[in-house]
Amino acid sequence: MILAPVCYFAPSVHTADNGDVLEAHCEAAGLAALPGGLAQVKFCVRELGHHKDASESRNRLFWNRLLNLYFIVEEQLMIEKSLCWSAMSHFIKGTCRWKAGRSLTNPLSYQWITQKALGSALHRYMSSYGSGRRLSGAFPEIDGALQPIYRHIFEANLQNSRRCQQRYIEHREKLMKGGGERAIYQHTQKKKKFLVRERLHMLLDDEDYLELCPFAGLGLPYGDVPSASSVAVTKTLRAQEVAIQNRLPCVYLVDNSGVFLPLQSGLFSDKNHAGHFFYNEAVMSAMKIPQLAVVCGTCIAGGAYATVMVEEAVIVQRIGTVALAGPPLVKAATGEEVSPEDLGGAKLHTEVSGCIDYFASVESEAYQCSRNIISTFNFELPEESITEVEGPLYSAEELMGLAPKSYNYSLDIRLIVSRLTDGSRLQEFKARYGTTLLTGFARVEGHQVGIVANNGELTYEASLKGSHFVQLCDQRDIPLIFLQNTAPQPVHTLSQAKAEAHSKTLKAQGSMMSTVACASTPKITIVVGGCHGSDSYAMCGRAFDPNFLFLWPNARVSILAPGYAGALAQDEEETMRINEQLEEESSAFFSSGRIWDDGVILPQDTRKVLGKCLKIIKQKRYQLSTEKQTCPPLRM
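Residues numbered from 1 in each chain as written. Predicted model: local features only at pLDDT ≥ 70, side-chain atom pairs only at ≥ 80, totals over all residues. Heavy atoms only, no water.

A. Structural view of the overall build of the protein. Across its full length, the protein holds 24 helices and 13 strands. Taking all 636 residues of the protein together, 44% fall into the buried category. Counted over contacts in the protein with a minimum sequence separation of 6, partners at least 24 positions apart contribute 74%. Accessible surface for the protein amounts to roughly 32400 Å². Of this, 54% is attributable to carbon and sulfur atoms. (Helix = DSSP H or I, 4+ residues; strand = E, 2+ residues; numbered from the N terminus. Buried < 20%, exposed > 50% of the residue type's maximum accessible area, 1.4 Å probe, protein only. Contact = heavy atoms within 4.5 Å. Areas by Shrake-Rupley, 256 points an atom, 1.4 Å probe, with all protein chains shown as cover.)

Pasting the structure below:
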């Protein structure tokens, strides 16, 4: 079936200059770039054309010569094997059209030879598929143009998005200040330590990294505490969870003075409190996930265990200390005065106790040492791809006007998808069925993905369609991207017929929830509008454990959308009170401050964030040794 369209050529076709046609097709196939390549092609074809009565074996000889020439070009010019089929088609079409004007006889024999040549090319391409190449295919382009009739909705959304972006910028500036100017002065001038982003600058190759939960600690009952106190524990556990899922090596920059005692009830007792951090360290070591600690501050109590449970550790002289109790507690317990350096400094732990493996005189030396240690991890990263990824046909900035102000301001979800996928392309699945849910295959930054996106209420048909598509992606191990904008409130039951219809929908939604929960393929969720009620579970909300979950600044996360409490409240006063509560607590920043997600991202950055997440998900392929051992290595 694949060969038929190429092989049915007409030998009676003539052109003004068939040699030019051949040259054009050879250039498209990459043959013209090889020195003497075009001349060799013309020689082979001329021989075929002049020897009308030549035996089929002679003709096959020249075709094989042409085919070998193409393979030489492929190797010398390092032509992508995924282009092999289209290039070979150009090549054969060119030779056949040129030969049509050269008194070619017996076209059936040449058809057989052409099939043979193309079959060989296809076989080479298929064999390359097993070594990591995907079958090529151009998905249909999405019509992402905004219709003039929806311009007023776009403008209203745009104004709201600008207000949300301003809040985003304000919160971001507050976070960048850390604990404030006084705290920064004490940290950098008195204690002579670097700020965390300065430390990352010295440790990493570049600053193009994905930061998780940047707004953690904002708007808590006891005030704004950026990334500190109990939130630090939750945030660290989340980072370890991502590392375990994707087999990512971990580097801990440890500067921890212990628990803030007034909040100890939220830090110590539960399964997912501070103790689980050490449990994860042991499990990750048994999984052969490398872990490295850099002691760049005071590590008291739990912070001390964090440094001695990893495989390797580095400590910085004078500023790095490791001890179960600091000097004040030692004095209170024994009356003895001791300096932090004598109690648990760099020299003590590298020369006497052996708890720490590497000594660094200054912080910058510690990070260079860390980079050297990381180079010994048993990972082999792939070469950076030089293949240019096709960008969307529409501007990402227009996503600001497509982010819905509320559910009633939602536009066709295809407009959003067309600004996220490569070439604005999507192979839509069941396009005519269950149209309130968009499903289909696409590529994002070169990665093949399945997309599941709300385009209205999650109906019975839409739920069945979603279940089918999620199972397909799970079977093929294709990552799923959920674009979530669920209905703001449950559908009311006003009649017997409605009740029966809702029962069917409920069952279908339950089936989709089960499918999403049991799917082992990676899942990434972006809340582009509302995240409300049970529909959010079927669309892989936080409760269904996606690999990553991000919110747009306009997003709302609550069991019921603000303004929809009237159907459930007893009176108008209660309705107003609940709606005000929902308005405050459903904010994207309220959610992100409590680490119910992995961060708030601007709509125009979504494609870049998705690309980074998909790269992280592929990380597990690069670990050379993945067999589990019975126990982690025991430190001294």
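Having put the structure on the table, let's press on.
B. Representation of unusual backbone geometry. The phi torsion at Ser424 lies on the positive side, around 55 degrees, for a residue other than glycine. By secondary structure assignment, the location of Ser424 is in the loop between α18 (413-417) and β6 (427-428). When its relative accessible area of 0% is taken as the criterion, Ser424 is described as buried. The backbone of Asp545 shows a phi angle near 55 degrees, a positive value even though the residue is not glycine. With respect to the helices and strands, the residue Asp545 is situated in the loop between α21 (535-538) and β12 (548-551).

C. Representation of the packing of aromatic side chains. Using the criterion set out here, one finds 10 aromatic pairs in the structure. With a centroid separation of 5.5 Å and an interplanar angle of 85 degrees, the aromatic rings of Phe215 and Phe589 are classed as edge-to-face. One end of the pair, Phe215, is in the loop between α9 (196-203) and α10 (229-246); the other, Phe589, is in helix α23 (residues 588-593), with 374 residues separating them in the sequence. Here Phe277 and Phe278 contribute two aromatic rings whose centre-to-centre distance is 5.5 Å and whose plane-to-plane angle is 85 degrees, an arrangement assigned as edge-to-face. One aromatic cluster is present, built from ring pairs that chain together Tyr252, Phe277, Phe278 and Tyr305. Lying across the ring of Tyr433, Lys430 places its NZ or CZ 5.7 Å from the centre. Lying over the aromatic face of Phe590, Arg594 brings its terminal NZ or CZ to 3.6 Å of the ring centre. (Phe/Tyr/Trp six-rings, centres within 6.5 Å; stacked < 30°, edge-to-face > 60°. Lys NZ or Arg CZ within 6 Å of the ring centre and 35° of its normal.)

D. Geometry of the packing of helix α19 (residues 460-476) against helix α20 (residues 496-518). Contact geometry of α19 with α20 gives a least axis separation of 8 Å together with a crossing angle of 15 degrees. It follows from the interaxial angle that α19 and α20 lie roughly parallel. Judged by the sense of rotation from one axis to the other, the crossing of α19 with α20 is left-handed. Contacts between α19 and α20 involve Tyr460, Ser463, Leu464, Gly466, Ser467, Val470, Gln471 and Asp474 on the former and, on the latter, Lys504, Thr505, Ala508, Gln509, Ser511, Met512, Thr515, Val516 and Cys518. (Axes fitted to C-alpha atoms, helices over the stretch in contact; angles between N-to-C directions. Parallel < 35°, antiparallel > 145°, perpendicular 65-115°, else oblique. Left-handed = near helix turned anticlockwise from the far one by under 90°.)

E. How the structure looks around the packing of α9 against helix α16 (residues 363-374). Direction vectors running N to C along α9 and α16 enclose 45 degrees, while the axes themselves pass 9 Å from each other. Judged on the interaxial angle alone, α16 and α9 are oblique. The element α9 and its partner α16 pack so that their crossing is right-handed. In contact with Arg199, Met202 and Leu203 of α9, α16 contributes Glu363, Ser364, Tyr367, Ser370, Arg371 and Ile374. Residues belonging to the contact of α9 with α16 are distributed by class as follows: 4 nonpolar, 2 polar and 3 charged. (Nonpolar A, V, L, I, M, F, W, Y, C, P; charged D, E, K, R; others polar.)

F. The sheet that holds strand β9 (residues 480-484), seen in detail. Overall, mixed pairing links the 6 strands, which are arranged β6-β7-β8-β9-β10-β12 in an open sheet. One side of each edge strand has no neighbouring strand; the edge strands of this open sheet are β6 and β12. As defined by bridge partners, strand β7 (residues 437-444) adjoins strand β8 (residues 447-454) across 8 bridges and the pair is classed as antiparallel. When the sheet's bridge partners are listed, Arg443 is paired in β8 with Gln448. (Pairing = 2+ DSSP bridges.)

G. Structural detail: helix α11 (residues 275-286). Taking 1.5 Å as the rise per residue, α11 with 12 residues should run 16 Å; its terminal C-alpha atoms sit 18 Å apart, in good agreement. All of the buried residues along α11 are His276, Phe277, Asn280, Glu281, Met284, Ser285 and Ala286. Two residues or fewer past α11, Lys288 is found with a positive phi of approximately 65 degrees. (Expected span 1.5 Å × (residues − 1).)

H. Geometry of empty space enclosed by the protein. Across all of its chains, the model carries 1 cavity of 30 Å³ or more by this definition. Taken as a whole, the largest cavity spans an internal volume of roughly 30 Å³. Lining the largest cavity we find Ser161, Cys164, Gln165, Met400, Pro553, Asn554, Leu602 and Pro603. Tallying contributions element by element places helix α7 (residues 151-176) first for the lining of the largest cavity, with 3 residues. Of the residues that constitute the lining of the largest cavity, the class distribution is 5 nonpolar, 3 polar and no charged. (1 Å grid on protein atoms, 1.4 Å probe; cavity = no way out; pocket = protein on both sides within 12 Å on 5 of 7 lines; lining within 4 Å. Points joined across faces, edges and corners; volume = space filled by probe spheres on them.)

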